[in-house]
Amino acid sequence: MVAPLMKLNQEEYYKWKQSVLSSKFYEDVIKKRKVTDTTKNRYVLSLATYCMYNNMSVDELMKEADDEERANIRVKDRKILKRLDNYRDWLVEQGLQKMTCQTRFNDAKWCYR
């Protein structure tokens with residue numbers, strides 16, 4: 001279940017969760033990882049929250065990052081850095097525990113590797 005997560009209603013969270021579960025990224029990366037179901041569920045929660053915050057699907061976010069990399073945009077100028085920095089600040093503003101913020105942020109950051 002969702003930890004006291006921001007001001008997020010269950011319908012909105014469910015929509016973003018379904019978006020992650022039906023994504024190419026989920027099929028190609030998360031589903032194939034040799035991790036427990038609990039860890040996979042945590043990835044889905046973290047990515048659904050990150051997608052909701054950015055109002056973009058995980059596949060759109062990955063495409064944006066790939067396009068910037070192919071265009072040889074300097075790392076410091078890439079949108080993903082701004083997105084991740086803003087997301088980290090937003091998590092803290094939501095009043096989540098430090099470890100929850102850190103876990104959600106690290107999961108979002110991990111998906112770009």
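> Can you break down the overall build of the chain residue by residue, with the values?
Each helix and strand in the chain was counted, giving 6 helices and 0 strands. The C-alpha radius of gyration computed for the chain amounts to 14 Å, which stays within 12% of the reference 13 Å derived for 113 residues, consistent with globular compactness. C-alpha atoms of the chain, sized along the principal axes, occupy 40 × 30 × 25 Å. Mean positive and mean negative side-chain charge positions of the chain (23 and 17 charges, respectively) differ by 4 Å.

> Could you give an account of the nonpolar core, with specific residues and numbers?
Formed by 31 residues in total, the largest nonpolar core has its most connected members in Phe-25 and Tyr-112. Of all the secondary-structure elements, those providing two or more residues to this core are helix 1 (10-21), helix 2 (24-30), helix 3 (37-54), helix 4 (58-70), helix 5 (79-93) and helix 6 (98-110). Top contributing element to this core by residue count: helix 3, with 8 residues. Not counting the four nearest positions on each side in its chain, Phe-25 is found in contact with Ile-30, Leu-47, Val-58, Asp-59, Met-62, Trp-110 and Cys-111.

> So what's going on with the state of the cysteines? Which residues, and what values?
For the coordinates displayed, the defined rule picks out 0 disulfides. Of all cysteine sulfurs, the one in Cys-111 lies closest to Cys-101, which takes part in no disulfide; the gap is 17 Å. For Cys-101, a relative accessible area of 9% corresponds to the buried category. On the basis of relative accessibility, which here comes to 3%, the residue Cys-111 falls in the buried class.

> Which residues make up the environment of Leu-45, and what values do they have?
Note that Leu-45 resides in helix 3. Along the sequence, Leu-45 and Cys-111 sit 66 residues apart, while their C-alpha atoms lie 13 Å from each other.

> Please give an account of helix 5 that cites residues and values.
Taking 1.5 Å as the rise per residue, helix 5 with 15 residues should run 21 Å; its terminal C-alpha atoms sit 21 Å apart, in good agreement. Where helix 5 is buried, its residues touch helix 3, helix 4 and helix 6. Two residues or fewer past helix 5, Gly-95 is found with a positive phi of approximately 80°.

Thresholds applied
- Residues numbered from 1 in each chain as written.
- Predicted model: local features only at pLDDT ≥ 70, side-chain atom pairs only at ≥ 80, totals over all residues.
- Heavy atoms only, no water.
- Helix = DSSP H or I, 4+ residues; strand = E, 2+ residues; numbered from the N terminus.
- Rg over C-alpha atoms; globule rule 2.2 N^0.38 Å.
- Lys, Arg positive; Asp, Glu negative; His and termini not counted.
- Charge placed at Lys NZ, Arg CZ, Asp CG, Glu CD.
- Core = buried A, V, L, I, M, F, W, Y, C linked by side-chain atoms within 4.5 Å.
- Buried < 20%, exposed > 50% of the residue type's maximum accessible area, 1.4 Å probe, protein only.
- Contact = heavy atoms within 4.5 Å.
- Disulfide = S-S within 2.5 Å.
- Expected span 1.5 Å × (residues − 1).

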